[in-house]
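# A look at the structure
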Amino acid sequence: MHGRKEALIKLHEYQSRELLAEFGIPVPDGHVAQTPDEAELAARRLGGKAVIKAQVLTGGRGKAGGVKPAQSPEDAHRAADAILGMDIKGHTVNKVLVGRLLDITEEYYASVTIDRTNKRIVFIISAAGGVDIELVAAQTPGRIITIGASPLEGPFKDELLAHLIDLFPSENLAHEAAAVLLKMYQLFIEKDCSLVEVNPLVITRDGSMIAADAKILLDDNGLYKHPELERLRNMEEYSEDETLARKAGLSFVSLEGTVGCMVNGAGLAMATMDVIKHFGGSPANFLDVGGSSNPQKVIDALSIILRNTHLRAVLINIFGGITRCDDIAGGILAAREQLDISVPVIIRLIGTNQQEGQDLLQSAGMIAKSDMTDAVTSVVESVNKG
Ligand code: GDP
Ligand code: MN
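Sequence order as written defines residue numbering, which begins from 1 separately in each chain. Here the convention is simple: chains get letters from A, ligands get numbers from 1, in the order in which they are written. For a predicted model such as this one, the threshold for reporting local features is a pLDDT of at least 70, and the threshold for listing and counting side-chain atom pairs is 80 or more; totals across whole chains, interfaces and linings nevertheless cover every residue. Working from all heavy atoms in the structure, the side-chain values ignore hydrogens and water.

To continue, consider the coordination of the manganese ion (ligand 2). Tetrahedral coordination by four donors places them ideally at 109.5 degrees to one another around the metal; octahedral coordination by six donors ideally gives 90 or 180 degrees. Each protein donor to the manganese ion (ligand 2) is listed here as Asn199 (O) and Asp213 (OD); together their distances run 2.2 Å. Taken as a pair, asparagine 199 in strand β11 (residues 193-204) and aspartate 213 in the loop between β12 (209-211) and β13 (214-219) lie far apart in primary sequence, 14 residues in all. Here asparagine 199 and aspartate 213 have matching classes, each one buried. Note that water is not among the atoms considered, so a metal site may appear incomplete; the donors listed are N, O and S atoms within 2.8 Å of the metal, with 3.2 Å applied to Na, K and Ca. Numbered from the N terminus, helices here are DSSP runs of H or I no shorter than four residues, and strands are runs of E no shorter than two. Classification of residues uses two cut-offs on accessible area relative to the type maximum, computed with a 1.4 Å probe and protein chains only: under 20% is buried, over 50% is exposed, and between them is partly exposed.

Rendered as structure tokens:
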């Protein structure tokens, strides 16, 4: 379950452009439109010609017909009409970006990302940018340059420039590209990104350099440092349950299985999912109720877990440290009063106030186990029986 540990926030192109512009990287003017009429108006504001681009959280829009040049506002209306509602790799297009139409002569690829193996930040650059960059990477990897940068010292501008001089048609453009890359790096570091990609970084007929497409991934785990970026989170990326969980302050990820999990602590939650799989079950969700023992959190957590129609059983696995088992037990009892629970609930409680918690549950006719293997095998058995 890598989803949580490396939770990434994908930005739309128009959102990525905003961040690039904030860091001084040249991007084309543009407006977001949700209807063909809005797109036509936007094209008019840009002087008539425009490029209409599907805004979906996936790549390859060009090849899927999601990027269309328009020679007039009426043309922009038609293009937007064709693109809005389109399905691109399972993503429905609800918005288009109406951008200034560029007269492109060269397309480069440029990105800043993390090289985990070498514990470095890397620049990836190619003169073969555009829609076929994956093919270039697979067939002619020599056309892609990778330059490492120490996360402590940052990039070496001279080293960067030495590579770019060979790649760009003039020394001037190589310097411009270096400036763009250093700004991408600054953005990458300052906003805790996981990827800042510009593909294509283009040269236009008048010789200027501009970011014609952009893709940024933010690290969700760093977002608390950047409250101003929270508005960029795209709710279409999350299930309704995940959105409810975020509002309740719970760390939750929807999964495909049938065993609902309520666990305290991310590490134990991961381990619990592994053990469920080990014994032949499959988790319906990841859920970390956190370290406090607020009974309301237990009620919120269970109510979200129980929304899942594929659910066959629930496993509550609590290792009490700061969390007190009796508070959790109280929360479970309150939840049982308030919620309509129609699947078996298997509870494992150990740690702080374990005895008090078990007594509380027992007095209400519920059993709390203390052994994790025992609890997991029970929950898998009840799923298989039902
Ligand atoms: P992607 O396919 O999702 O990566 O979308 P891009 O925004 O990268 O667009 C795909 C391709 O469309 C680019 O590689 C360009 O060749 C072309 N394109 C995008 N914007 C323009 C533009 O303003 N003018 C021209 N002539 N072509 C464009
Ligand atoms: Mn692109």
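Let us keep going from here.
For the rest of this paragraph, the subject is the pattern of salt bridges. Where charged atoms of side chains with opposite charge meet at close range, the side chains can pair. Note on definitions: salt bridges are taken to be side-chain nitrogens of Lys or Arg within 4 Å of carboxyl oxygens of Asp or Glu. Counted according to the given criterion, the structure contains 20 salt bridges. With its nearest N and O atoms 2.7 Å apart, the salt bridge here joins glutamate 40 to arginine 44. Taken together, the positions of glutamate 40 and arginine 44, both in helix α3 (residues 36-45) and 4 residues apart, correspond to about one turn of that helix. Aspartate 192 is the partner of lysine 225 in a salt bridge, and the nearest nitrogen-oxygen pair spans 3.2 Å. Here lysine 225 is found in the loop between β13 and α8 (240-247), whereas its partner aspartate 192 is found in the loop between α7 (171-190) and β11, with 33 residues between them in sequence. A relative accessible area of 47% places lysine 225 in the partly exposed class. Assessed through its relative accessible area of 21%, aspartate 192 is described here as partly exposed. Three or more residues are tied together by salt bridges with common partners; here these are Glu13, Arg17, Lys53, Arg61 and Asp213.

Glancing now at the packing of aromatic side chains. Aromatic rings in a pair are described by how distant their centres are and how their planes are angled relative to each other. Within 6.5 Å between ring centres, the rings of Phe, Tyr and Trp (the latter by its six-membered ring) count as paired, and their orientation is classed by plane angle as stacked under 30 degrees, edge-to-face over 60, tilted in between. For the structure on display, the rule yields 2 aromatic pairs. Seen in terms of ring centroids, tyrosine 108 and phenylalanine 168 are 4.0 Å apart; in terms of plane orientation they differ by 15°. Their pairing is stacked. Placement of tyrosine 108 in strand β8 (residues 104-115) and of phenylalanine 168 in the loop between α6 (157-167) and α7 is noted, with a sequence separation of 60 residues between them. With respect to burial, tyrosine 108 and phenylalanine 168 carry one shared label: buried. Charge-over-ring contacts are defined here by two conditions on Lys NZ or Arg CZ: a distance within 6 Å of the ring centre and an angle within 35 degrees of the ring normal. Against the face of tyrosine 238 rests arginine 246, its NZ or CZ located 4.4 Å from the ring centre.

Attention shifts here to the packing of α6 against α7. Working note: a packed helix pair is described by the angle between its axes plus the distance between those axes. Here an angle of 0 to 180 degrees is reported between the N-to-C directions of two axes, which are lines fitted to C-alpha atoms, with helices fitted over the stretch in contact. Here α6 crosses α7 at 135°, and the two axes come no closer than 9 Å. The angle between the axes of α6 and α7 places the two elements in the oblique class. Remark: the crossing between α6 and α7 carries right-handed chirality. Residues Lys157, Leu160, Leu161, Leu164 and Ile165 of α6 pack against Glu171, Ala174, His175, Ala177, Ala178, Leu181 and Leu182 of α7. Classes in brief: Ala, Val, Leu, Ile, Met, Phe, Trp, Tyr, Cys and Pro nonpolar; Asp, Glu, Lys and Arg charged; the others, Gly included, polar. Partitioned by chemical class, the residues of the contact of α6 with α7 number 9 nonpolar, 1 polar and 2 charged. Roughly parallel refers to an angle under 35 degrees, roughly antiparallel to one over 145, roughly perpendicular to one between 65 and 115, and oblique to any angle outside these ranges. Note: crossing handedness is left-handed where the near helix turns anticlockwise from the far helix by less than a right angle, and right-handed where it turns clockwise. We call two residues in contact whenever any of their non-hydrogen atoms come within 4.5 Å of each other.

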